[in-house]
Amino acid sequence: DYLRTAGIYFVAGVASMLPMLALMFAAQLRLTQPGVVTDAASFVRLALQAIAAGIAVALIEETFFRGLLHTAVERERGPATAVVAVSLLFGVLHFIGKAHVPGPAFAWSSGFEWLGQTLRLIAHPATIVDSFLAYVAVGAVLGMVRAWMGHTAGCVGLHAGWVAAMLVVRESTTPNGAAPLAFLQ
C-alpha cells in the first residue's frame, strides 16, 4: 500500500512539473545542451538515473522532515504548526548545500570555510528570498500532504517525481542567460 501510494504520487509529481517545464521551454529559459544524444536508449538511461536519484533524495529528506520532524512537532503542537515550522526549516536547510569547498583545498579548517560560505549566502537575503520562498512553499505542500495522509508515502512520491523531472531537464539542457526572462532562473 505504501509503495503503491508513493508510485501514484510520483506520477502526480512528474505530471505537476510538466506545465512549469513547458513554460520554461516556451520562454526559452532552457536550451538543449550541445552534444546531447536524444535517442531512446539515452533518454531511458537518463530517466532511470533521475528516478533513482529522485527516490534517494525523497527518501532521505522526507524521512527526516515529514517523518521525524513533522511527527514530533505535530504530536506536541498540532498539524498546522508542524507544517509551518518544518517548511521553514526545509527552506533554510536547502541553502546549506549551496556552499562548496574545492576537493584539493580540504583541510582541518574546511568545515569552518564551508560554514562561512553558507552564512555569507544567508547574510544577503535579497539574493535568495525567491528561492527560499519556493522551498518553503514546496515544504508546505509536502507538509499538508503528510498531515492529510498521516504518513509519508505521498510526500516521498511527490518529492521523488519533482526531483526526477528536474534532473532530466537539468542534465539535458543548459540555462539560457540571454532569454528575456532569464532573471527567473
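Let me sum up the structure you'll find in this document. Please read these numbers as outputs of a predicted model, since none were measured by experiment.

Right, let's talk about the packing of aromatic side chains for a bit. Summed over the entire model, instances satisfying the criterion amount to 2 aromatic pairs. Ring centres 5.0 Å apart and planes at 75° place the aromatic pair phenylalanine 64 and phenylalanine 65 in the edge-to-face group. Residue phenylalanine 64 is classed as partly exposed on the basis of its relative accessible area of 35%. When its relative accessible area of 5% is taken as the criterion, phenylalanine 65 is described as buried. Here a set of aromatic residues connected by ring pairs shows up, and it is made of Phe64, Phe65 and Phe90. A cation over an aromatic ring shows up here: arginine 66 above the ring of phenylalanine 90, its NZ or CZ 4.7 Å from the ring centre.

With that settled, consider a nonpolar patch on the surface. A cluster of nonpolar side chains, namely Phe64, Leu68, Leu89, Val92, Leu93 and Ile122, defines an oily patch on the protein surface of about 460 Å² accessible area. Taken together, the elements giving at least two residues each to the nonpolar patch come down to α2 (40-77) and α3 (79-93). Looking at the secondary structure, you find phenylalanine 64 in helix α2.

Turning our attention to the side chain of glutamate 61. Looking at the secondary structure, you find glutamate 61 in helix α2. Side-chain polar atoms of glutamate 61 contact the side chain of histidine 94, separated by 3.3 Å. Apart from residues lying up to four places away in sequence, glutamate 61 is in contact with Arg66, Phe90, His94 and His159.

Let's shift gears to the packing of helix α5 (residues 129-149) against helix α6 (residues 153-172). It is at 8 Å that the axes of α5 and α6 come closest, and there the two elements cross at 150°. Viewed along their axes, α5 and α6 adopt a mutual orientation that is roughly antiparallel. Contacts between α5 and α6 involve Val138, Val141, Leu142, Val145, Arg146 and Met149 on the former and, on the latter, Gly154, Cys155, Leu158, His159 and Trp162. In terms of residue class, the contact of α5 with α6 is made up of 8 nonpolar, 2 polar and 1 charged.

Within the structure shown, the criterion is met by 3 salt bridges. A salt bridge links arginine 146 to glutamate 74; its shortest N-O distance comes to 3.8 Å. Highlighted residues: arginine 146 in helix α5 and glutamate 74 in helix α2, separated in sequence by 72 residues. Note on glutamate 74: relative accessible area 23%, which makes it partly exposed.

Parameters and conventions
Residue numbers restart at each chain and count upward from 1, following the sequence in its written direction. Per-residue local features of the predicted model are confined to residues with pLDDT of at least 70, and side-chain atom pairs are confined, for both listing and counting, to 80 or more; whole-chain, interface and lining totals are unaffected and use all residues. Neither water nor hydrogens contribute to the side-chain values; these are computed over all heavy atoms in the structure. Working definition: a ring pair exists when centres of Phe, Tyr or Trp rings (six-membered ring for Trp) sit within 6.5 Å. Plane angles under 30 degrees give stacked, over 60 give edge-to-face, the rest tilted. To sort residues, take the accessible area from a 1.4 Å probe on protein chains only and compare it with the maximum for the residue type: under 20% means buried, over 50% means exposed, and anything in between is partly exposed. Only when the NZ atom of a Lys or the CZ atom of an Arg is both within 6 Å of the ring centre and within 35 degrees of the ring normal do we say a charge sits over the ring. Candidate patch residues must exceed 30% relative accessible area and have no salt bridge, after which like charges are joined if within 9 Å and Val, Leu, Ile, Met, Phe, Trp or Tyr side chains if within 5 Å. Only the protein chains shown count as cover for residues, and the accessible areas themselves come from Shrake-Rupley with a 1.4 Å probe. Salt bridge, as applied in this entry: a Lys or Arg side-chain nitrogen positioned within 4 Å of an Asp or Glu carboxyl oxygen. Strands are runs of DSSP state E lasting at least two residues, helices are runs of H or I lasting at least four, and both sets are numbered from the N terminus onward. Throughout this description, a polar contact denotes any pair of N or O atoms lying within 3.5 Å of each other; where both atoms belong to protein, one of them has to be capable of donating a hydrogen while the other can accept it, and for residues adjacent in sequence the pair is counted only when both atoms sit in side chains. Whether two residues are in contact is decided by their heavy atoms, any of which lying within 4.5 Å being enough. Note on method: axes are straight lines fitted to C-alpha atoms, helices fitted across the in-contact stretch only, with angles between N-to-C directions ranging 0 to 180 degrees. By definition in this entry, angles of less than 35 degrees are roughly parallel, angles greater than 145 are roughly antiparallel, angles of 65 to 115 are roughly perpendicular, and the rest are oblique. Classification used: nonpolar for Ala, Val, Leu, Ile, Met, Phe, Trp, Tyr, Cys and Pro, charged for Asp, Glu, Lys and Arg, polar for all others including Gly.

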